[in-house]
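Topology and contacts: notes
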Amino acid sequence: MWMVLGEQGGAPADREARAAQFAHMAEVTRGCPGFVRGWWGADEDDPQLTHALVVLDTLDNARALKRMVEENVAGARLRLMEIGVEVQGMP
C-alpha cells in the first residue's frame, strides 16, 4: 500500500469552516480509485497548516491522486510513501 502525505497552508481559522473543508476533501478523495483510508486535520503547532494522510492500494493510484491534487489545489506540498510496516494498537 501507498500513502499520499499532504500539507497545505491557508487553513480557515474557524473550526466549522475547517471541518467543512476537511469534509469536502474527504468526499472528493473517497471517490478516487484505490482509496483505502484517509485523515485530515489542522496542525497543532501552526494552525494555518493542514495535513492529509491518504492510503491507496497501489503506487499508480497514489501517483494519480498526487497529480490530481497538484493540478487542482494551489500551494499543496505532497509526498508519496510506500507503507512498509503497519501496526495497530489494542482496542
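Residue positions are given per chain, counting from 1 as you read along its sequence in written order. Since the coordinates come from a predicted model, pLDDT governs what is reported: local features require at least 70, and pairs of side-chain atoms require 80 or more to be given and counted, while whole-chain, interface and lining totals use all residues. Excluded from the side-chain calculations are hydrogens and water; all other atoms, namely the structure's heavy atoms, are used.

**Here we look at the side chain of Gln8**
Short version of the rule: Put simply, DSSP H or I for four residues or longer makes a helix, DSSP E for two residues or longer makes a strand, and each gets a number counted from the N terminus. Note on definitions: a residue-residue contact is assigned when non-hydrogen atoms from the two residues lie within 4.5 Å.
Here Gln8 shows up in strand β1 (residues 2–8). With residues up to four places along the chain from it excluded, the contact list for Gln8 reads Met25, Gln48, Leu49, Thr50, Val73, Ala74, Gly75 and Ala76.

**Remarks on the pattern of salt bridges**
The line we're drawing: Any Lys or Arg side-chain nitrogen located within 4 Å of an Asp or Glu carboxyl oxygen qualifies as a salt bridge.
Summed over all chains, the structure comprises three salt bridges. Ionic pairing is found between Glu27 and Arg30, a salt bridge with its closest N-O pair at 2.9 Å. With Glu27 and Arg30 both in helix α1 (residues 15–30), this residue pair falls three residues apart, about one helical turn. One salt bridge in this structure joins Glu70 and Lys66, with 2.9 Å as the shortest N-O distance. With Glu70 and Lys66 both in helix α2 (residues 59–72) and four residues apart, this pair spans about one turn of that helix.

**Points about the layout of surface pockets**
Put simply, the rule reads: Lining residues are defined by having an atom within 4 Å of a point belonging to a cavity or pocket. Those points lie on a 1 Å grid over the protein atoms alone, cavities being sets where a 1.4 Å probe fits but cannot get out and pockets being open sets with protein on both sides within 12 Å along at least five of seven lines. Grid points are joined across faces, edges and corners, and a volume is the space filled by probe spheres set on the points. In this count, Pro and Cys sit with the nonpolar residues alongside Ala, Val, Leu, Ile, Met, Phe, Trp and Tyr, while Asp, Glu, Lys and Arg are called charged and the others, Gly among them, polar.
In this structure, the largest pocket occupies an estimated 400 Å³ of space. Forming the walls of the largest pocket are 22 residues, and the residues nearest its centre are Gln8, Met25, Trp40, Val69 and Val73. Taken together, the residues of the lining of the largest pocket sort by class into 13 nonpolar, eight polar and one charged. Its boundaries defined by the atoms lining it, the second largest pocket holds a volume of some 190 Å³. The biggest single contributor to the lining of the second largest pocket is strand β2 (residues 35–42), with three residues. For the lining of the second largest pocket, a count of residues per class yields nine nonpolar, one polar and two charged.

**Considerations on the nonpolar core**
How we decide: As used in this record, nonpolar core signifies buried Ala, Val, Leu, Ile, Met, Phe, Trp, Tyr and Cys residues forming a set joined through side-chain atoms within 4.5 Å. Between buried and exposed lies partly exposed: a residue is buried under 20% and exposed over 50% of the maximum accessible area for its type, with that area taken using a 1.4 Å probe on protein chains only.
Within the largest apolar cluster, 13 residues are counted, with the highest numbers of intra-cluster contacts made by Val4, Trp40, Val54, Leu56, Ala62 and Leu65. The set of elements that each furnish at least two residues to this core consists of β1, α1, β3 (50–56) and α2. Once residues lying within four places of it in the same chain are set aside, the contact partners of Trp40 are Phe22, Met25, Ala26, Thr29, Phe35, His51, Ala52 and Val54.

So far we have only geometry, and geometry alone does not tell us how the molecule works.
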